[in-house]
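Examining the three-dimensional arrangement
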Amino acid sequence: MQYLAVLVWLAVFAGVAVLGYPIAARLFSRFRSGGAGFALPIALVTIWLPVYWLGKLSFGPLTVAAGLAVLVGVAAILGLDRGAIRDGELRLAEGIGVDRRAVAEAAVVFVAAFLFLIAIRSVDPAVHAAGGEKYLDYGMLRTLLRSGTLPPEDFWFAGEPVQYYYGGHLLAAILTILTGSAPELAYNLALAGFYAMLVTAAYDLAANVAAERDWKPGVAGAFAAFFVGIASNFATVGRLLLGFLPPGLRSSLAPGIEALPLSGEGFSYWNASRVITDTVDGNTFPTINEFPLFAWLNGDMHAHMMGTPFLLLAAALGFALYLTPAEERRRRLGLLAVVPLLGFFQIVTSTWSFPSVFGVTYLALALAPADPTALLPEPAAERVRAGRQRAADSLGDGGDRALAELERLLVPLGVVGGLVAVAGVLALPFLTRTMTGGSERTIALLPAAARSGVLELFAVHGAFLLVFGLFLLSRLRDDQRLPLVTGVLGVGGVAVTLPLDVLAFTLPLLVVGWAVLRFRDAGYETVLIVAGAGLVTIVEFVYVSEQAGPLRMNTVFKTYMQVWVLWSVGAGAAVAGLLGGAKRAVENAERPAFGRGVAVPAFVALLVISTSLYGGFALSGHFAGASDPTLDATEMPSWYEDDELAAVDWLDRTADGETVIVSAPGQGGTPGMYNWNSAIASSLTGVPTVVGWAHEVGYRGSEAYDARVDAVDALYTGSPADAASVIREHDVRYVWVGSAERNRYGDELVNFSDRAGYEPVFTHGDVVVYEVTAEELPA
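Now for a description of the structure that goes with this document. Predicted model, so just to flag it, every value in this text is computed and none were measured.

A closer look at the layout of surface pockets
One number sums up the size of the largest pocket: a volume of about 1,200 Å³. Taken together, 40 residues make up the lining of the largest pocket; nearest its centre are Thr 351, Trp 352, Phe 354, Pro 355 and Val 544. The leading source of residues in the lining of the largest pocket is helix 16 (residues 354-367), at 8 residues. Reported here for the second largest pocket is a volume of approximately 870 Å³. Together, 23 residues line the second largest pocket, and Leu 242, Ala 254, Ile 257, Val 275 and Ala 459 are the ones closest to its centre. Of all the elements in the fold, those that place two or more residues in the lining of the second largest pocket are helix 10 (235-242) and helix 20 (454-474). Broken down by element, the lining of the second largest pocket gets its largest block of residues, 6 residues, from helix 10. Considered class by class, the residues forming the lining of the second largest pocket number 14 nonpolar, 5 polar and 4 charged.

Topic: the sheet that holds strand 5 (residues 661-662)
One key point about sheets: their strands pair by backbone hydrogen bonds, in either a parallel or an antiparallel sense. The strand order across the open sheet built from 4 strands is 5-6-8-7, with neighbouring strands paired in mixed fashion. Because the sheet does not close on itself, it has two edges, and the strands there are strand 5 and strand 7 (758-764). Pairing analysis gives 4 bridges linking strand 6 (residues 734-737) to strand 8 (residues 767-772), with the strands arranged antiparallel. Pairing of Tyr 734 across the sheet is with Glu 771, part of strand 8.

Comments concerning the nonpolar core
Counting residues in hydrophobic clusters, the biggest one holds 258 residues, and the most contacted among them are Phe 28, Phe 114, Tyr 716 and Val 735. Take this core: its biggest share by element is 20 residues, from helix 8 (residues 183-212). Beyond its immediate chain neighbours, meaning those up to four positions away, Val 735 contacts Val 662, Leu 715, Tyr 716, Ile 727, Phe 752, Tyr 758, Val 768, Val 769, Tyr 770 and Val 772. Among the nonpolar cores identified, the runner-up in size contains 6 residues, and Val 280, Leu 446, Ala 450 and Tyr 543 belong to it.

Structural notes on the pattern of salt bridges
Enumeration over the complete set of coordinates arrives at 18 salt bridges. Two residues, Arg 733 and Glu 771, come together in a salt bridge whose shortest N-O distance is 3.7 Å. Residue Arg 733 is located in the loop between helix 30 (720-730) and strand 6, and its partner Glu 771 is located in strand 8; the two are separated by 38 residues in the primary sequence. One network of salt bridges, in which partners are shared, links Arg 213, Arg 475, Asp 521 and Glu 525.

What to know about unusual backbone geometry
Following Leu 150, the chain continues into Pro 151 via a peptide bond in cis, with omega recorded as -5°. Secondary-structure assignment places Pro 151 in the loop between helix 6 (134-146) and helix 7 (167-179). Cis geometry marks the peptide bond from Leu 498 to Pro 499, where omega comes out at 0°. By the secondary structure assignment, Pro 499 is in the loop between helix 21 (478-497) and helix 22 (501-519). Positioned with a positive phi, Ala 679 is a non-glycine residue whose angle comes to about 50°. With respect to the helices and strands, Ala 679 occurs in the loop between strand 5 and helix 27 (680-685).

Things to note about the side chain of Thr 361
On the secondary structure map, Thr 361 appears in helix 16. Setting aside chain neighbours within four positions, we find Thr 361 in contact with Leu 321, Leu 336, Val 339, Val 416 and Leu 419.

Comments concerning the packing of aromatic side chains
Evaluated as defined, the whole model comprises 53 aromatic pairs. A ring pair is formed by Trp 48 and Phe 344, whose centres lie 5.7 Å apart and whose planes are at 65°; its orientation type is edge-to-face. Taken together, the residues span a long stretch of sequence, with Trp 48 in helix 2 (residues 39-54) and Phe 344 in helix 15 (residues 329-349) at a distance of 296 residues. For Phe 344, a relative accessible area of 1% gives the class buried. The ring centre of Phe 519 lies 6.0 Å from the NZ or CZ of Arg 518, which sits over that ring.

Definitions and limits used
Residues numbered from 1 in each chain as written. Predicted model: local features only at pLDDT ≥ 70, side-chain atom pairs only at ≥ 80, totals over all residues. Heavy atoms only, no water. 1 Å grid on protein atoms, 1.4 Å probe; cavity = no way out; pocket = protein on both sides within 12 Å on 5 of 7 lines; lining within 4 Å. Points joined across faces, edges and corners; volume = space filled by probe spheres on them. Helix = DSSP H or I, 4+ residues; strand = E, 2+ residues; numbered from the N terminus. Nonpolar A, V, L, I, M, F, W, Y, C, P; charged D, E, K, R; others polar. Pairing = 2+ DSSP bridges. Core = buried A, V, L, I, M, F, W, Y, C linked by side-chain atoms within 4.5 Å. Buried < 20%, exposed > 50% of the residue type's maximum accessible area, 1.4 Å probe, protein only. Contact = heavy atoms within 4.5 Å. Salt bridge = Lys/Arg side-chain N within 4 Å of Asp/Glu carboxyl O. Phe/Tyr/Trp six-rings, centres within 6.5 Å; stacked < 30°, edge-to-face > 60°. Lys NZ or Arg CZ within 6 Å of the ring centre and 35° of its normal.

Take a look at the structure:
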């Protein structure tokens, strides 16, 4: 039956993508592929938007059917020839062509990526609590499927709506309903779907960027898919190379980092995601620098992962804007009209990445060949041009060019500011709820001592930096390269001494990238290079101070995934450009120059090998000794107690949409977060508990969370009146007494069997679930 579920999901994905293709073809009419690789993400956003709004009244299969009907209607309006329909014929509208090869490429990439992730999840399918956010993600999916309206009730804070950005989980719930899947299978199937959408989008965008530059699109797409789906940072190859150094030199270069033997003995897939650290007052704090393969191998279905295909959809819209000439003002405005809708979707899905949706739009407008003033109403555009001319006349020679460049910065800024405002209005109910719920987040300046070191930055971003450095140099004339290299070395030396190590890498990318876009031979791949460099730079100066710390751990975590995704597409196109230039040099029998001849293929081969080592070690260890494959997310590891799982299964079958339970809070100590028995019942069923994991501190503030923790502790250890107060306030139906409760309260745990109003309705080993009769409790 699980193999059948895989086929059902593939069939649903195919059907939804077919409906999304006319929309993609309209938006991306200048793309070689017609936007085939974006048909599925576009279709899913089109379904999601009406479901989100209608869901505030009622959420369920009928709501999803309404969202699907909207997609069908939009696809018909944009994709069918209405004149032919009046004549009784059914054919595609003019301008909706189907490039069968491009569609086939997108389909093959999607299916291959989907099945690859299915294979990975099938040997480690469990949503266990250790080392990640699976309890949060699975609980979000389950509570959405139990909910009758949106937003759903918070399964870790009963009686209150979720404060978390749940849009991606809502999309997973929509797919679960469309496919008729059981939630325990849907988790891993949806996870594979998000991964496949990301890889396919990267392939399609890179291929189209390369085609526009007369490079081989298949090469660009393949490398982009590799970088985003398989490649890792340099941490693993760096540890291997350390093994060849003398111990003294090794410890001075990389203190505290163990060398990795060629056999891979002692390898942990986890280490490569914890390279960059923050050091303040002698204390070292880790950050999280994930890349896609690590994230999907770890198996969370987290917001920063689910938002990635839609970030690339925003980048594709930016590319469509970049390609559209100024005289096609109506089309450019039509493309811009889609951006706030996508931005709104991203706010609810992955709030951390919604600024990048608008950032890449801004760069596309500012760096496109088209005059940005053409976006303005003609009277406003005329006033801007006249003002520029008057200022240029007063400035003399060169003034007009300088003002034109300034205009390129400011006009798109105003346009994108308006788009942000529209998206903010659409998302106002969500933002109001999440921003006024007691969250303790603030924007803070990063202490200079905490900034990343040059070796850390190279370990994380080195593969991209090498590709982009070589690529940008190849865009310059021979007489410009030596001065540029000298300047970069000088900037790097100054940056490291300040300390502003990040500028040694990103400042050249930003300055040279912007310059070649404006004055030399560069295309949209360089826009993506600039976008990623900007994000890397920002997190070295500011961060979000919050409960999910310490320091900028979460800021690096959520930002670096966006950088990896954008840079993967840029690197795929750049590699295609480098290889194309090398091939032409050999064919023309030119004297090999910088970046040409046999050096480039050798460089690319070494790059692929070095960034593949992590995947080789990680996947071989992942599949070694695997048991019978399954996609059941509740097939838990051996450290889970059967008694507790049996109780979870009973609750899942027994609870209805009104059920509330009480269980031990996951607040530090015992049981704490990331423990298998911490809020296990609510996390694995979506049935809300009075207070769960301490993640809620980040959503609601410590005062609200601690008050509930104190009340629940009193319920389990205090008087009958203390317990009755909590039960009546939160309309508790079941009191859970299992491993977490016995460990947290020990001898102080009351025996509810001795109290009136508590009937044991489930007993299995050491787990007892009591049903409460509120009328029998003390007043």
